[in-house]
Amino acid sequence: MRLHGRSDESARIASLLEAARTGAGGTLVLSGEPGIGKTSLLRWAESSAPGLRVLAARGLESETELAFAGLGDLLRPILSRLEQIPPRQAAALAGALAVGPPAPGDRFAVAAATLSLLSTASEEEPLLLLVDDAHWLDGPSLQALLFAARRIHGQRIALVLAVRPGFTAEALEVLAVDGLERQPALDLLAETRDINPTVAEELVDATGGNPLGLLELSAQLTREQLSGAEPALASLPAAPAVAAAFLRRVQALPDETRGALIAAAAADSDDLDALSPVLARLGVSPGALAAAQAAGLVRTVEDRIEFRHPLVRSLLLAEASPQERRAVHAAHAEALVGPDELERRAAHLAEAATAPDEALAETLEAAAERALERGGYAAAAKTLRRAADLTPDPERRSRRLLRAAQGLRFAGELEAALETLEEALATAKDPLHRAEIHHLRVRVATASALPLDGGLSLSAVAESIVTRDPTRAALLFAHSAQLAAFSGDPSSGLELARRSRELLPARLRADDLETLVLLGQVFVLAGDRSEALATTRRFATTLERAPEETSEAALLYASLLFWLEQYEAGRSFLKRQIGSARAAGALGVLPRLLDTLAALDARGGRWVQAYADSSEALQLARETADARQTASSLTTLARIEAGQGKADDCRAHAAEAIELARRLHDRVAEAWALCALGVLELGLGRAEAAIAEFERLRVPVGEPANLHDSGALIWTADLVEAYVRARRPDDARRLLEAEPGNENGSAWEKGAFARARALLVEPAALDEAFAGALRAHERAGIPFELARTELCYGERLRRARRRTESRTPLRSALATFEQLGALPWAKRARKELEAAGEFAGARPRNTRIASLTPQELQVALLVAEGATNREVATALFVSPKTIEAHLSRAYAKLGVRSRTELARVLPADGTPSARRSSAPQPEPVGRG
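Described below are features of the structure shown in this document.

Reading the values: the criteria
The residue count restarts for each chain, going from 1 along the sequence in the order it is written. Since the coordinates come from a predicted model, pLDDT governs what is reported: local features require at least 70, and pairs of side-chain atoms require 80 or more to be given and counted, while whole-chain, interface and lining totals use all residues. Hydrogens and water are ignored here; the side-chain numbers use all heavy atoms of the structure. Think of a 1 Å grid over the protein atoms and nothing else: a 1.4 Å probe that fits but is trapped marks a cavity, an open set flanked by protein within 12 Å on at least five of seven lines marks a pocket, and residues with an atom within 4 Å of a point count as lining. Grid points are joined across faces, edges and corners, and a volume is the space filled by probe spheres set on the points. What counts as a helix is a DSSP run of H or I of at least four residues, what counts as a strand is a run of E of at least two, and both are numbered from the N terminus. The residue classification treats Ala, Val, Leu, Ile, Met, Phe, Trp, Tyr, Cys and Pro as nonpolar and Asp, Glu, Lys and Arg as charged. All others, Gly included, are polar. What a helix should span is 1.5 Å times the count of its residues minus one. Partly exposed residues are those whose accessible area sits between 20% and 50% of the maximum for their type, while under 20% is buried and over 50% is exposed, using a 1.4 Å probe and protein chains only. Whenever a carboxyl oxygen of Asp or Glu lies within 4 Å of a side-chain nitrogen of Lys or Arg, that contact is scored as a salt bridge. At least two bridges found by DSSP between two strands is the condition for calling them paired. Think of each axis as a best-fit line through the C-alpha atoms, taken over the contacting stretch in the case of a helix, with angles from 0 to 180 degrees between the N-to-C directions. Contacts were defined at the residue level, with two residues in contact if any of their heavy atoms lie within 4.5 Å. For Phe, Tyr and Trp, where Trp contributes only its six-membered ring, two rings pair if their centres lie within 6.5 Å, and the inter-plane angle classes them as stacked under 30 degrees, edge-to-face over 60, or tilted in between. Remark: a charge is flagged as sitting over a ring if the NZ atom of Lys or the CZ atom of Arg is within 6 Å of the ring centre and within 35 degrees of the ring normal. Between N or O atoms, a polar contact is any pair within 3.5 Å; within protein, one atom must be a potential hydrogen donor and the other a potential acceptor, and residues adjacent in sequence are included only when both atoms are from side chains.

As a further point, take empty space enclosed by the protein. Per the counting criterion, the structure on display carries four cavities of 30 Å³ or more. Residue lining of the largest cavity: 22 residues in total, with Arg-639, Trp-672, Trp-748, Phe-784 and Glu-785 positioned closest to the centre. Every element with two or more residues in the lining of the largest cavity is listed here: α31 (590-603), α33 (627-644), α35 (667-683), α38 (715-725) and α42 (783-799). The dominant element in the lining of the largest cavity, judged by the number of residues it contributes, is α33, at five residues. Residues of the lining of the largest cavity, tallied by class, amount to 14 nonpolar, three polar and five charged.

The end-to-end C-alpha distance of helix α30 (residues 567-584), which contains 18 residues, comes to 25 Å, matching closely the 26 Å that a straight helix rising 1.5 Å per residue would cover. Burial in α30 covers these residues: Tyr-567, Gly-570, Arg-571, Phe-573, Leu-574, Gln-577, Ile-578, Ser-580, Ala-581, Arg-582 and Ala-584. Two residues or fewer after α30 comes Gly-585, characterised by a positive phi angle close to 65°.

Using the criterion set out here, one finds 73 salt bridges in the structure. Here Glu-659 makes a salt bridge to Arg-663, at a shortest N to O gap of 3.5 Å. Of this pair, Glu-659 and Arg-663 both sit in helix α34 (residues 647-664), four residues apart, roughly one helical turn. Assessed through its relative accessible area of 46%, Arg-663 is described here as partly exposed. In this structure, a network of salt bridges that share partners links the residues Asp-718, Glu-721, Arg-725, Arg-755, Glu-785, Arg-788, Glu-795 and Arg-828.

Moving on, we come to unusual backbone geometry. One can expect most non-glycine residues to show negative phi and most peptide bonds to be in trans. Phi at Glu-302 is positive, roughly 55°, even though this residue is not glycine. For Glu-302, the position within the fold is in the loop between β6 (298-301) and β7 (304-307). Residue classification places Glu-302 among the exposed residues on the basis of a relative accessible area of 77%.

As paired elements, β6 and β7 share four bridges and run antiparallel to each other. From the neighbouring strand, Thr-300 faces β7, where its bridge partner is Ile-305. The hairpin turn running from β6 into β7, its antiparallel successor, is two residues long, and Glu-302 in that turn takes a positive phi close to 55°.

It is worth spelling out the sheet that holds strand β4 (residues 157-163) at this point. Spatially, five strands are ordered β2-β3-β4-β1-β5 in an open sheet, and the strand pairing comes out parallel. Each edge of the open sheet carries a strand with a single partner, namely β2 (53-58) and β5 (173-176). Strand after strand, the sheet turns through a mean of 20° between neighbouring axes, direction not considered. Direction of pairing for strand β1 (residues 26-31) relative to β5: parallel, over a ladder of four bridges. When the bridges of β5 are listed, Leu-28 appears paired with Glu-173. Each of β1, β2, β3 (127-132) and β4 is contacted by helix α2 (residues 38-47), which is oriented at about 165° to β3, the strand it contacts most.

Attention now moves to the side chain of Arg-374. Note that Arg-374 resides in the loop between α18 (358-373) and α19 (377-389). Residue Arg-374 is classed as buried on the basis of its relative accessible area of 13%. Aside from chain neighbours lying at most four places away, what touches Arg-374 is Ala-67, Phe-68, Gly-95, Ala-96, Leu-97, Ala-98 and Glu-343.

This brings us to the packing of aromatic side chains. Scanning all chains against the criterion turns up nine aromatic pairs. Relative to Phe-573, the ring of Tyr-557 has its centre 5.0 Å away and its plane inclined at 85°; by these criteria the two rings are edge-to-face. With a gap of 16 residues between them, Tyr-557 in helix α29 (residues 552-563) and Phe-573 in helix α30 connect regions that are remote in the sequence. Each of the two residues, Tyr-557 as well as Phe-573, counts as buried. Of the aromatic side chains, those joined through ring pairs into one cluster are Trp-607, Phe-784, Phe-817 and Trp-825. Here the guanidinium or amino end of Arg-639 rests over the ring plane of Trp-672, the centre of that ring lying 4.0 Å away. Positioned over the ring face of Tyr-611 is Lys-646, at 4.4 Å from the centre of the ring.

Quick look at the environment of Leu-697 now. Positionally, Leu-697 belongs in the loop between α36 (687-695) and α37 (698-701). Accessibility expressed as a relative area gives 0% for Leu-697, which makes it buried. The spacing of Leu-697 and Ala-671 is 26 residues in sequence and 6.2 Å in space, taken between C-alpha atoms.

Once that is clear, we can look at the side chain of Asn-869. Looking at where Asn-869 falls in the secondary structure, it is placed in helix α47 (residues 869-876). Within polar-contact distance, the side chain of Asn-869 engages the side chain of Arg-899 at 2.5 Å. In this structure Asn-869 touches Ile-883, Glu-884, Leu-887 and Arg-899, once residues within four positions along its chain are discounted.

As structure tokens, then:
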């Protein structure tokens, strides 16, 4: 196929095709105005791809609300390979594409399955995926395709997407397709028209080199105008020129032909056989399309009808009268009679409706339920919304709006969900129904940082249904308590939590698990750990036997185990849940699980594993547009980087986390990010800078003495140390008097405050004070905090002229800091040890581990656990080829040649020879 011009574009596409042949493929997005030549470039790519299997699809404006329609078109030729991908992913994809039974689950499971299927198919032969008008793909198809697009780099796959300007393509290469340069544009005109050179120049200037504009506008000119004998430009349609040219051609058609074209434009397929019964119902003869073909607006290829350009389809629908559109959609609905056509028929019925109709609303509701079963949440929401509009009864209308909002929430369209809920609330009368709407409003608003204007508080809503449904009221009170605690008011949260607990039945049901876990979180935040433990024991056994599908209660339980310092139980539970989520492609919950495990491992001294998991959590949270989880993952990364002394990374991640947390009204996440900055400066020996960071906590957190979460209050103890190092002991004492710590707090909190107090005691009381702090840190099982206390102890001993005695804690601190990779802290410990008379040269450190990218590190860690390349590929949602590439680079950087050597250099738990505390764990959660 010959192209005019386009040397840069064709060279880039050719490079991508060659990369796919050699296993280094990727994605290219072609962005340009209608008619600019994107489709021609796709055709050129197909003609230039010998040896590659071509899969193609095209977004249709009429299919934008048919869930997975575009993905089905693209993947249909390789669906025979479904059995070769992980079973739960295969079930999710088969259900979504209606080639298998519905398989409800995580809304991102189809995206993971799409990637797996493409990767598997590419192992036999390289693939070229061509998607024209990708901006018109239905939402679920586009979501799945973009997830795969970001992850096919390094595989035998080339994906080319053609879109219009304004399309969001984060992390993908975008190539802008502009008008042809002057000479190629003139060549195109000369090849297709007998045209005067001057007229050709005028046309190029008028169209900006748009190829379709050149061809369509020149076709409007008479022979005299083409020759230059008569003026040409004065007769040309006004901008937008291409659309106007098509419109003039449409308006010149016979009414019957125009009606047939409108029917074809409204169709959700290009199948001529499917169009024939529609035309018959409209009283239009099949021959009516002949005039449209003669006018160059459509053409028939075998059994399909193709429009000259998508603009023609859009113009036909836009210019048709409402009556014409309704008649066409009604005809389509009558023609779709099979049981598998419910969703398509419902979509046409909705467009054809003119007045409220309960029977039609029920039909639409049934179609929406079918879409929900397949994971088509956005499509289902739109159908339910239309069903609500057609519902005569206000209460039923409100219930359908609530279901639509639930679909929008699961689709990630949170702003639209909130707007729909406000509308549902306006006509809702039943108190229980109103309570359900209010609860979802709060869930959506807190997940998205969107404001709630007016309305009752969640606790007031709970009070209104106490007599009707006490267990639902208990859940609302618990959720309200959690919101209060996270907003910096745990004392109010504690009061609400106690109200919730009063309403719970003596014999708990599965539905009560979320309430209990929320209560456990609130008790921790309010500083009542014994009550949190007692609450947790009531549901621990049930959740530890959690099903494969991760529930909200299970997610909250994992966080609660971390907060309660149940590290081994938490790690075991999280590893099971993560394994299940990876197998199911549950990308919606996986970031939260990984982030919790990373935070837990950071405490336990597994900094390498924590960094890898946290990096993956952040990447997935961004990809799934989860703002709250993104903020949390950023804080976890910042805390790890603070200990490592990675100043630039820590500051960048913390700054982004703070900005997100403030929008989300998440005071705890904000406090953690500020704590990370303070610890960073403390480790770098910049006491005044640390003070400035810690003191910022007083403003956003409110009354810090009330906030006892899993460590957000411990900044007070760190601020005491910063005051001492800045030689401001009076400020340190005043702070300790005001904030003495919580005697019922965590082992970490007790150790941190004991260390803070030990920094201020008289020399004669040093040993007793630090002995208590060390015992507390050993119980906490946090190597980094234990080493910090040893460093402080050694520093004070040396300054008390007990140089020989100071060496023991300083040696121990140095060893831990070096093993963890806490470089600034190791530097300080080494300097103190040398001042105590013992030369401590820098020990050989495996800087090679630090040279690994997060992806290489994650691959290496999973391989070190004994996983095969294919198992790692499944877990990380990439191809085995990608795993091979990452592993090869990791081997080279680490200087190893086998899996056995890798396991020695990088233990599977992510702790490179780190000292393990033999201190007892806190009291376990269990049935006691």
